Amino acid sequence: LSIHSVESGADEELTYGFVSDVQGALAGANPSLTSHNAPLTYSVNGNTLTAEADGNTVFTLEITDTSTGDYTFTLVDQLDHQAPPPGEAIENNLTLNLGAAVQAVDSDGDSVDFGAVSVNGQSVDGLRVEVADDIPVAKEVSTTQTPQNLNLLMILDNSGSMGSSSSSRLGEMTTAVNQMLAGI
């Protein structure tokens with residue numbers, strides 16, 4: 001993917017990179033962005049911007065070609081999305097406004113960031129990434145039960161609750177045990 005195109009004018013040779021204050025630029029463009037309820041912090045190492053929450057990487061934005069502005073966005077951990085209305089399971093998208101962190105610099109040092117670019121007469125963030133919320137989906141699960149060794153202790157009831165004769169109590173217990181074991 002490429003960042004919104006920029007005309008260098010007479011000062012050719014644009015170089016794409018990150019602004020010096022990515023924390024301020026992105027915190028302003030994405031004020032309530034969190035992961036696992038922790039606010040994001042931003043840092044740059046070379047051509048890679050890293051967003052973290054509580055020390056864990058949430059996403060990276062790498063400028064893969066500094067002469068064209070080609071980039072790769074990698075989502076590593078969850079971003080907190082707004083909860084759907086009660087009783088509804090809907091997916092929603094979260095828009096990341098990353099343009100304010102990216103700049104193009106021409107050969108004599110003039111720079112422009114992509115936080116507000118004009119598209120069809122409207123000012124929009126020049127590098128927006130849509131992150132889809134994924135809702136868990138129930139799937140059919142099949143299980144296999146491995147036969148186990150079974151020790152079974154049966155006690156013959158002499159209380160009279162299973163009939164009056166010893167032979168009918170033994171017969172009823174045998175029938176009950178056979179039914180129970182048929183279900184295993």
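Structure: see above.
Residues numbered from 1 in each chain as written. Predicted model: local features only at pLDDT ≥ 70, side-chain atom pairs only at ≥ 80, totals over all residues. Heavy atoms only, no water.

A. Main features of the sheet that holds strand S7 (residues 70–75). Strand order in this open sheet of four strands is S4-S5-S6-S7, and the pairing throughout is antiparallel. Edge positions in the sheet fall to strand S4 (41–45) and S7, since each has one partner strand and no second. Put simply, the sheet's adjacent strands are angled 20 degrees from each other on average, direction ignored. Of the strand pairs in this sheet, S4 and strand S5 (residues 48–53) are connected by five bridges, and their pairing is antiparallel. When the bridges of S5 are listed, Thr41 appears paired with Glu52. Contacting S4 and S5, helix H1 (residues 22–29) runs over the sheet at an angle of about 140 degrees to S4. (Pairing = 2+ DSSP bridges. Helix = DSSP H or I, 4+ residues; strand = E, 2+ residues; numbered from the N terminus. Axes fitted to C-alpha atoms, helices over the stretch in contact; angles between N-to-C directions. Contact = heavy atoms within 4.5 Å.)

B. A look at unusual backbone geometry. Although it is not a glycine, Asn37 sits at a positive phi angle of roughly 70 degrees. You can see Asn37 is positioned in the loop between strand S2 (34–35) and strand S3 (38–39). Its identity is not glycine, yet Asp54 carries a phi of approximately 50 degrees, on the positive side. Along the chain, Asp54 turns up in the loop between S5 and strand S6 (56–65).

C. Main features of the sheet that holds strand S9 (residues 102–105). Pairing in this open sheet of three strands is antiparallel, and the strands run S1-S9-S10 from one edge to the other. Every interior strand has two partners, whereas the edge strands, strand S1 (15–18) and strand S10 (111–113), have only one. Each strand of the sheet is rotated relative to its neighbour by a mean of 30 degrees, with strand direction disregarded. Relative to S9, S1 runs antiparallel, the two being bridged by four bridges. When the bridges of S9 are listed, Phe18 appears paired with Val102.

Take it as geometry only, folks, not as evidence of what the structure does.
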